[in-house]
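# Chain and residue survey
Residues per chain are reported as follows:
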Amino acid sequence: MKASAFAYARATSIANALELLAAHGERAKVLSGGQSLMPAMNLRLVSPELIVDISELAELRGIAVKGGVLAVGALTRHVDLLKSPEIATHAPLLTDAVAHVAHPAIRNRGTIGGSLAHADPASELPACMVALGATMIARGHAGERRIAASEFFAGIYETVLSPQELLVAVELPVAPKNSRHFFHEFARRHGDYAIVGLAAQAVVKDARFADLRLGFFAVGDRPLLAESGGKLIDVAITAAVLSEASSSLDDELDPLGDQQATPAMRRHLAKVLLARCVSSLLSRSDLRTGALA
Ligand SMILES: Cc1cc2nc3c(=O)[nH]c(=O)nc-3n(C[C@H](O)[C@H](O)[C@H](O)COP(=O)(O)OP(=O)(O)OC[C@H]3O[C@@H](n4cnc5c(N)ncnc54)[C@H](O)[C@@H]3O)c2cc1C
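Residues numbered from 1 in each chain as written. Predicted model: local features only at pLDDT ≥ 70, side-chain atom pairs only at ≥ 80, totals over all residues. Heavy atoms only, no water.

## Concerning helix α1 (residues 14-24)
To keep it simple, the criterion reads: Remark: exposure states derive from per-residue accessible area (1.4 Å probe, protein chains only) relative to the maximum for the residue type, with buried under 20%, exposed over 50%, and partly exposed in between. By definition, any uninterrupted DSSP run of H or I lasting at least four residues is a helix, any uninterrupted run of E lasting at least two residues is a strand, and each is numbered from the N terminus. By definition in these notes, contact holds between two residues if any of their heavy atoms fall within 4.5 Å.
Of the positions making up α1, those classed as buried are I14, N16, A17, L18, L20 and L21. Here the buried face of α1 lies against β1 (7-10), β2 (28-31), β3 (50-53), β6 (135-140) and β10 (166-173). Of the residues flanking the end of α1, it is G25, one or two places downstream, whose phi is positive at about 50°.

Structure, rendered in structure tokens:
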């Protein structure tokens, strides 16, 4: 199948893109890397009347570190994240995660802004954003607004962006020196969308978690910043403590069933990931299966 007929406009500036979006509203769609939009159009899951191509807007591309904040432009491609020394130093969780996003051909065109605006609940980058405490920067005709990552995702393929807004950048706090991270996903093949995944960021002090942010993906209609992580902060971690956190995680998950896994299997895999995550972050092999006890 091919996309239904549409008009095309190449935006010459952010202001020009916003004018086009304001004029056409829900009938227009922004085009960044096209790696999700074009397949969706070809399958006629979406049929915009106008494509607003922002891919040539250089001001939306790039990575900069300033005052403890890592700013990433929306058009920064997956491959740029993967190769960036700034990301490897200040947000290494993202470096690990983006290696699991699709395949090189898709990573060469797909962008961070496109991935976040697309809001696939099985995507790696949205979960990283909630784990890292990112802020999304959206721009519309009325100006700019800043949205916490935990408030940004509204459901399957849904965000709080209005059709007239552009996601222009993402800001991440620079990881503190004593921070650690964990990323793992279960997928049929490397590069496939995850069956279940976990992106976690922690601060470990005296063999305890001073902070722990658990960003699960493919466990519901949006990335989950699991509150159960709070049960593991500032306490000595034993198998019993981990098991309690694992049980309370069960209440937070709302996984869907599909060809890849039943909801029960996804719940099980999320608990396996929790145990592996805690064991890895604390370098405690005795906890590797603790949450499953
Ligand atoms: C075979 C295949 C496998 C894939 N596997 C994975 C995977 O394992 N994990 C994963 O996370 N992704 C995967 N993807 C998706 C890929 O990562 C896309 O690149 C990404 O989801 C979208 O980025 P894009 O720049 O191509 O966005 P586009 O396709 O251009 O746009 C996606 C959506 O976001 C909107 N949009 C784009 N940019 C903005 C913006 N700045 N502001 C507001 N709205 C915007 C568009 O209107 C559209 O609705 C896969 C894709 C394919 C084709």
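## What about the site of the ligand?
For the record, the criterion: Note on definitions. A residue lies near a molecule or strand when any single heavy atom of the residue is within 4 Å of it. In protein, a polar contact means a hydrogen-donor-capable atom and an acceptor-capable atom, both N or O and within 3.5 Å, with residues adjacent in sequence counting only if both atoms are side-chain atoms; elsewhere, any N or O pair within 3.5 Å suffices. Under the convention used here, a 1.4 Å probe and the Shrake-Rupley method define accessible areas, while residue burial counts only the protein chains that appear. Only protein atoms enter the 1 Å grid, on which a cavity is a set of points fitting a 1.4 Å probe that cannot get out and a pocket is an open set with protein on both sides within 12 Å along at least 5 of 7 lines, lining residues being those with an atom within 4 Å of a point. Pocket or cavity membership: a molecule qualifies when more than half of its atoms sit within 2 Å of the grid points of that site.
Around the ligand, the structure places 29 residues, and the nearest of them are V30, S32, Q35, L37 and T111. One of the side-chain nitrogen or oxygen atoms of S36 is found 2.8 Å away from an oxygen atom of the ligand. Relative to its unbound accessible area of 960 Å², the ligand is 88% covered by the protein chains. Of all the cavities here, the one that holds the ligand is the largest pocket.

## Quick look at the nonpolar core
Basically, it comes down to this: As used in this record, nonpolar core signifies buried Ala, Val, Leu, Ile, Met, Phe, Trp, Tyr and Cys residues forming a set joined through side-chain atoms within 4.5 Å.
Counting residues in hydrophobic clusters, the biggest one holds 36 residues, and the most contacted among them are L94, L116, L125, M129, M136, F152 and L172. If you list the elements that add at least two residues to this core, you get β5 (69-73), α5 (92-98), α7 (112-118), α8 (124-132), β6, α9 (149-152) and β10. The element that contributes the greatest number of residues to this core is α8, accounting for seven residues. Discounting chain neighbours no more than four positions away, the residues touching M136 are L116, M129, R145, R146, I147, A149, F152, F153, L167, A169 and V170. If you look at the next biggest cluster of nonpolar residues, it comprises 33 residues, including F209, L249, L269 and L274.

## Re a nonpolar patch on the surface
Note the threshold: The patches described consist of residues with a relative accessible area above 30% and no salt bridge, like charges being joined within 9 Å and nonpolar side chains (Val, Leu, Ile, Met, Phe, Trp, Tyr) within 5 Å. A pair is scored as a salt bridge if a Lys or Arg side-chain nitrogen falls within 4 Å of a carboxyl oxygen belonging to Asp or Glu.
Taken together, the side chains of I156, Y157 and L256 present a nonpolar region at the surface, about 300 Å² in accessible area. Mapped onto the fold, L256 is located in the loop between α10 (239-252) and α11 (263-281). Taking the relative accessible area as the measure of exposure, L256 reaches 46% and is therefore partly exposed.

Bear in mind that shape data such as this cannot, by itself, settle questions of function.
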